2 protein chains.
Amino acid sequence: MNPTITADASPPVFPFELVRNELEMIETAIQAQARSFEPGIEAYVSYVCKSSGKRIRPALALLTGGATGAVTDEHRKLGVILELVHIASLVHDDIMDGAELRRNLPTAAAKWGASLSVLLGDVLFAHALELASEYNDSAISRAIARASRDVCAGEILQTQRRYDLNLSVPEYLKIIEMKTAALFAAATHLAAVLNDCTPAVQEAMKNYGLRLGTAYQIYDDCLDLVGDESTAGKTLRTDLLKGKLTLPVLYLLEKATNHQKTKLNRMLLNGEPMDTTILAGIADYEGAVERAVTFAKDMLKDARKDLMVLGDSPQHHALIEITAYLDKLLDKCRAAA
Amino acid sequence: MNPTITADASPPVFPFELVRNELEMIETAIQAQARSFEPGIEAYVSYVCKSSGKRIRPALALLTGGATGAVTDEHRKLGVILELVHIASLVHDDIMDGAELRRNLPTAAAKWGASLSVLLGDVLFAHALELASEYNDSAISRAIARASRDVCAGEILQTQRRYDLNLSVPEYLKIIEMKTAALFAAATHLAAVLNDCTPAVQEAMKNYGLRLGTAYQIYDDCLDLVGDESTAGKTLRTDLLKGKLTLPVLYLLEKATNHQKTKLNRMLLNGEPMDTTILAGIADYEGAVERAVTFAKDMLKDARKDLMVLGDSPQHHALIEITAYLDKLLDKCRAAA
């Protein structure tokens, strides 16, 4: 099989049953955004919006809205905006990564080239921030712009630190907080702000989003190392090839002897393929994955604690369930290491 | 001389004397933005902000502010924001055009590659829109996001219509209105909005910006055909090579015989170099440049009429002077054809 071809399989299905109908409305609203563009541009926007993702950010906005009061049109709009920012960032990511497929469909970069994809990401992004400026409270649009800036800045820092064996764990955590957790946190935090929650609840929901987003990225990083392409539904083993040092690899380097480090260094710089078996032959590979999984699971435990400020509600339970679901995915990574 | 090397010469100096000091403050403020980024990113932002342009958009915001009341911090901020959006769009343009130099300095794309430049444009853009969300009136940030979206959408349409000999003059005008005039108009329109001007004045200043921006782009298009690199201070004769059909070329095609069209078509599709002498040998080249220049000069005449809603002031005169200056540059293009 062509290694760039994503296997046709079932990627993880998050427990979003409670907001399934609402998510469908958001799906329709996202598609409708395409029609607000010039006729020459509509088809491009529609294409990249259609290659439907898991819609985690909209689901978090809806569930937090329900858990902290009620879901309003403003929460739905928040979901649409954050998903558009996310889609824009994926369009640009795919240019940089030279990715040919995303969820079994050709990426915009593969279909229309890098130039058009740069601009396509830009208009999606500008459109999202135009929608954001419609909120009466400018603090909302400011926070959305800030989170978007963090996503891009996190990606820059990650690009900068590729192949950098001096990357520290705190630096790695800062990068994934910016590139992934910032948008998760914008969803949960701003959903609470829209419901005029107390500062304590707003803060707790922001922390929940940050922790969930961080744990999610660590899971994704572990999956890249130990996952099975046919069940993951995407191309794996690409991080190290691109020089991306993720948490399990940083832990591996931490425990490696100087001789092992030199060997890893050489393989990394030469872009030699490194899968489970090869890594396991070099250093304490299982121990490193185990440690990364434990780190992420601890983070999820804290995320569940953040939710304790909320009253009882089905949405509250659903937010707990998401952490439990991710917990299980992490367990699978540990078992596969 | 390497044709991609920009000659060290004096590019056009716009008559911005009246706001020279204010523009220096804006320059400082633009540089200061770099410091709001993470240490790893500051140097990149600082570099692209430093390769100082003409700062036309900030100058228009300041002059319109003065001509419609008084220049406030909000006008200065508008200038900073619009210039950041402009810089972000240039960073992305340079990736697409494969440009190596901009104002005699290596472009971000040439210095750090396309990937980093995509992200660098993104953070600049996100940062500009974050600043925009600080206005109390969300209509301001909405209009800025909208103009930014127009810039990118205009570039997409232009990219789409490269090598398309069916591009019509109205379609071309729509594209340059979006990609260039929209930000000019945001400067003049929003400067009037910030001064709480009457709807008539706001509308007139918006039209002034749209017309000035359109005329400016037509001048730039003519310059690419007929200009002299050593005085223009930039690489010329690139539009046709990239398949960009500009107003003089569209006029040329309009008047060409079928035989001439076939010849032009072939040269365009094969990327054969086409300069003044070659084009003049094919069809009524001087007539086509003349017509484009006349179109732009008529537009400037209308822009001056837009200014008649304003009371007398040095800034009002400066806004007239800008159109007169562009008028002279257009005359030079006509003379060089």
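Worth saying up front: this structure is predicted, and the values here are computed from it rather than measured. (Residues numbered from 1 in each chain as written. Chains lettered and ligands numbered in written order. Predicted model: local features only at pLDDT ≥ 70, side-chain atom pairs only at ≥ 80, totals over all residues. Heavy atoms only, no water.)

Enquirer: Sorry, what's going on with the overall build of chain A here?
Expert: The secondary structure content of chain A amounts to 14 helices and two strands. Whereas a compact globule of 337 residues would reach a radius of gyration of roughly 20 Å, chain A reaches 20 Å, a difference of no more than 12%. Counting only C-alpha atoms and orienting by the principal axes, one finds that chain A spans roughly 60 × 50 × 35 Å. Taking all 337 residues of chain A together, 59% fall into the buried category. (Helix = DSSP H or I, 4+ residues; strand = E, 2+ residues; numbered from the N terminus. Rg over C-alpha atoms; globule rule 2.2 N^0.38 Å. Buried < 20%, exposed > 50% of the residue type's maximum accessible area, 1.4 Å probe, protein only.)

Enquirer: How do you make sense of the interface of chain A and chain B when you look at a structure like this?
Expert: Often the size quoted for an interface is simply the accessible area lost on bringing the parts together. Across the contact, 39 residues belong to chain A and 39 residues belong to chain B. Summed over both sides, the interface of chain A with chain B buries roughly 3,600 Å², with 69% coming from carbon and sulfur. On the chain A side of the contact with chain B, L119, R149 and I156 of chain A bury the most area, a combined 19% of that side's loss. On the surface where chain A and chain B come into contact, there are four salt bridges. At the boundary of chain A and chain B, one finds 15 residue pairs in polar contact (both at pLDDT 80 or more). Residue assignment for the side of chain A that touches chain B shows that the elements contributing at least two residues are helix 2 (39–50), helix 4 (73–97), helix 5 (108–132) and helix 6 (138–160) of chain A. Looking at the side of chain A that touches chain B residue by residue, the classes come out as 19 nonpolar, eleven polar and nine charged. (Contact = heavy atoms within 4.5 Å. Buried area = accessible area lost by both parts, 1.4 Å probe. Salt bridge = Lys/Arg side-chain N within 4 Å of Asp/Glu carboxyl O. Polar contact = N/O pair within 3.5 Å; in protein donor to acceptor, adjacent residues only side chain to side chain. Nonpolar A, V, L, I, M, F, W, Y, C, P; charged D, E, K, R; others polar.)

Enquirer: How do you make sense of the packing of aromatic side chains when you look at a structure like this?
Expert: Two numbers describe a pair of aromatic rings. These are the distance of the centres and the angle of the planes. Per the counting criterion, the structure on display carries 15 aromatic pairs over all chains. When the centroid spacing of 4.7 Å and the interplanar angle of 85 degrees are considered together, the rings of Y44 of chain B and W112 of chain B count as edge-to-face. You can see Y44 of chain B sitting in helix 2 (residues 39–50) and its partner W112 of chain B sitting in helix 5 (residues 108–132), a full 68 residues away along the chain. When its relative accessible area of 28% is taken as the criterion, W112 of chain B is described as partly exposed. Joined through ring pairs, the aromatic side chains of F14, F16, F184, Y216, Y219 and Y325 of chain A make up one cluster. Over the ring of F37 of chain A we find R149 of chain B; its NZ or CZ atom is 4.0 Å from the centre of that ring. (Phe/Tyr/Trp six-rings, centres within 6.5 Å; stacked < 30°, edge-to-face > 60°. Lys NZ or Arg CZ within 6 Å of the ring centre and 35° of its normal.)

Enquirer: Could you clarify how one ought to interpret the nonpolar core in this entry?
Expert: Taken as a class, soluble globular proteins show a tendency for nonpolar side chains to be buried jointly. By size, the foremost hydrophobic cluster in this structure holds 236 residues, and its most contacted members are I144 and L319 of chain A together with I144 and L319 of chain B. If you tally residues by element for this core, the top one is helix 7 (residues 169–194) of chain A, at 16 residues. Not counting the four nearest positions on each side in its chain, L319 of chain A is found in contact with L60, L63, T64, A67, M205, Y208, L307 and L310 of chain A. Counting six residues, the second-largest nonpolar core is a separate cluster that includes A109 and V118 of chain A together with I95 and V118 of chain B. (Core = buried A, V, L, I, M, F, W, Y, C linked by side-chain atoms within 4.5 Å.)

Enquirer: It is not clear to me how the relation of the copies chain A and chain B should be interpreted in this structure. Could you clarify?
Expert: Between the two copies of the chain lies a relationship made up of a rotation around an axis and a movement along it. The two copies are related by a screw motion: chain A maps onto chain B through a turn of 180 degrees and a shift of 0.0 Å along the axis, at an RMSD of 0.0 Å. What the rotation and shift describe, once combined, is the action of a two-fold rotation axis. (Least-squares fit on C-alpha atoms with pLDDT ≥ 70 in both.)

Enquirer: I would appreciate a short explanation of the side chain of Q158 of chain A in the present structure.
Expert: All names here are of chain A. Tracing the backbone through its elements, the reader meets Q158 in helix 6. Among the residues examined, Q158 registers a relative accessible area of 14% and is labelled buried. Sequence-distant contacts of Q158, that is, excluding residues within four places in its chain, are made with I175, K179 and K244.

Enquirer: I would appreciate a short explanation of unusual backbone geometry in the present structure.
Expert: The phi angle of most residues is negative, glycine excepted, and most peptide bonds adopt the trans form. Positive phi values are uncommon outside glycine, yet N104 of chain A reaches one of about 70 degrees. The topology assignment puts N104 of chain A in the loop between strand 1 (101–102) and strand 2 (105–106). Even without being glycine, R103 of chain B reaches a positive phi, approximately 50 degrees. With respect to the helices and strands, the residue R103 of chain B is situated in the loop between strand 1 (101–102) and strand 2 (105–106).

Enquirer: Sorry, what's going on with the confidence of the model for chain A here?
Expert: Detailed reading of predicted coordinates is not advised where the pLDDT is low. All names here are of chain A. Chain-level pLDDT for chain A is 90 on average; 94% of the residues reach the 70-or-more range. Across residues 1–9, where pLDDT falls below 50, the model places 21 contacts with residues more than four positions away in sequence or in other chains. If you check the scores for this complex, the pTM reads 0.92 and the ipTM reads 0.88. (pLDDT = per-residue confidence, 0-100.)

Enquirer: Looking at this structure, how should I read the packing of helix 13 (residues 285–306) of chain A against helix 14 (residues 314–336) of chain A?
Expert: A packed helix pair is summarised by two numbers, namely the angle formed by the two axes and the spacing between the axes. Residue and element names in this part refer to chain A. Contact geometry for helix 13 and helix 14: axes closest at 10 Å, N-to-C directions at 170 degrees. Classified by the angle between their axes, helix 13 and helix 14 sit roughly antiparallel to one another. Residues V289, E290, V293, T294, A296, K297, L300, A303 and R304 of helix 13 lie in contact with helix 14, whose contacting residues are I320, T323, A324, L326, D327, L330, D331, C333 and R334. A per-class count over the contact of helix 13 with helix 14 returns ten nonpolar, two polar and six charged. (Axes fitted to C-alpha atoms, helices over the stretch in contact; angles between N-to-C directions. Parallel < 35°, antiparallel > 145°, perpendicular 65-115°, else oblique.)

Enquirer: Whenever I open this one, the state of the cysteines confuses me. Can you help?
Expert: A covalent bond bridging the sulfur atoms of two cysteines is what the word disulfide describes. Summed over the entire model, instances satisfying the criterion amount to zero disulfides over all chains. The thiol of C152 of chain B is unpaired, and the distance to the nearest cysteine sulfur, on C152 of chain A, comes to 13 Å. (Disulfide = S-S within 2.5 Å.)

Enquirer: Honestly, the environment of V293 of chain A in this entry has me stumped. Any pointers?
Expert: Here V293 of chain A lies in helix 13. Distance in space between the C-alpha atoms of V293 of chain A and V71 of chain A is 33 Å, their sequence separation being 222 residues.

Enquirer: What am I meant to see in the pattern of salt bridges here?
Expert: Should their charged atoms come close, side chains of opposite charge can pair. On inspection of all chains with the given rule, the structure shows 44 salt bridges over all chains. Notably, a salt bridge pairs D97 of chain B with K242 of chain B, separated by 3.6 Å at the nearest N-O pair. Taken together, the residues span a long stretch of sequence, with D97 of chain B in helix 4 (residues 73–97) and K242 of chain B in the loop between helix 9 (229–232) and helix 10 (247–255) at a distance of 145 residues. By relative accessible area, D97 of chain B is classed as partly exposed at 35%. A network of salt bridges, in which partner residues are shared, links E290, K297, R304, D327, D331 and R334 of chain A.

Enquirer: Would you take a moment to explain helix 11 (residues 258–269) of chain A for this structure?
Expert: Since the α-helix advances by 3.6 residues per turn, residues separated by three or four positions end up pointing in the same direction. All names here are of chain A. With twelve residues, helix 11 extends 16 Å between its outermost C-alpha atoms, agreeing within 8% with the 16 Å of an ideal straight helix rising 1.5 Å per residue. For helix 11, every residue scored as buried is listed here: Q260, L264, M267 and L268. Seen along its axis, helix 11 keeps its buried residues to an arc of 100 degrees; they face one direction. Facing away from the buried surface of helix 11 by more than 90 degrees, the exposed residues are N258, H259, T262 and L269. Positive phi appears at G271, one or two residues downstream of helix 11, with a value of about 65 degrees. (Expected span 1.5 Å × (residues − 1). Arc of directions from axis to C-beta.)

Enquirer: Which parts of the structure should I look at to understand helix 10 (residues 247–255) of chain A?
Expert: For helix 10 of chain A, the buried fraction is high: seven of the nine residues fall into the buried class. What helix 10 of chain A keeps buried is the set L247, P248, V249, L250, Y251, L252 and L253 of chain A.

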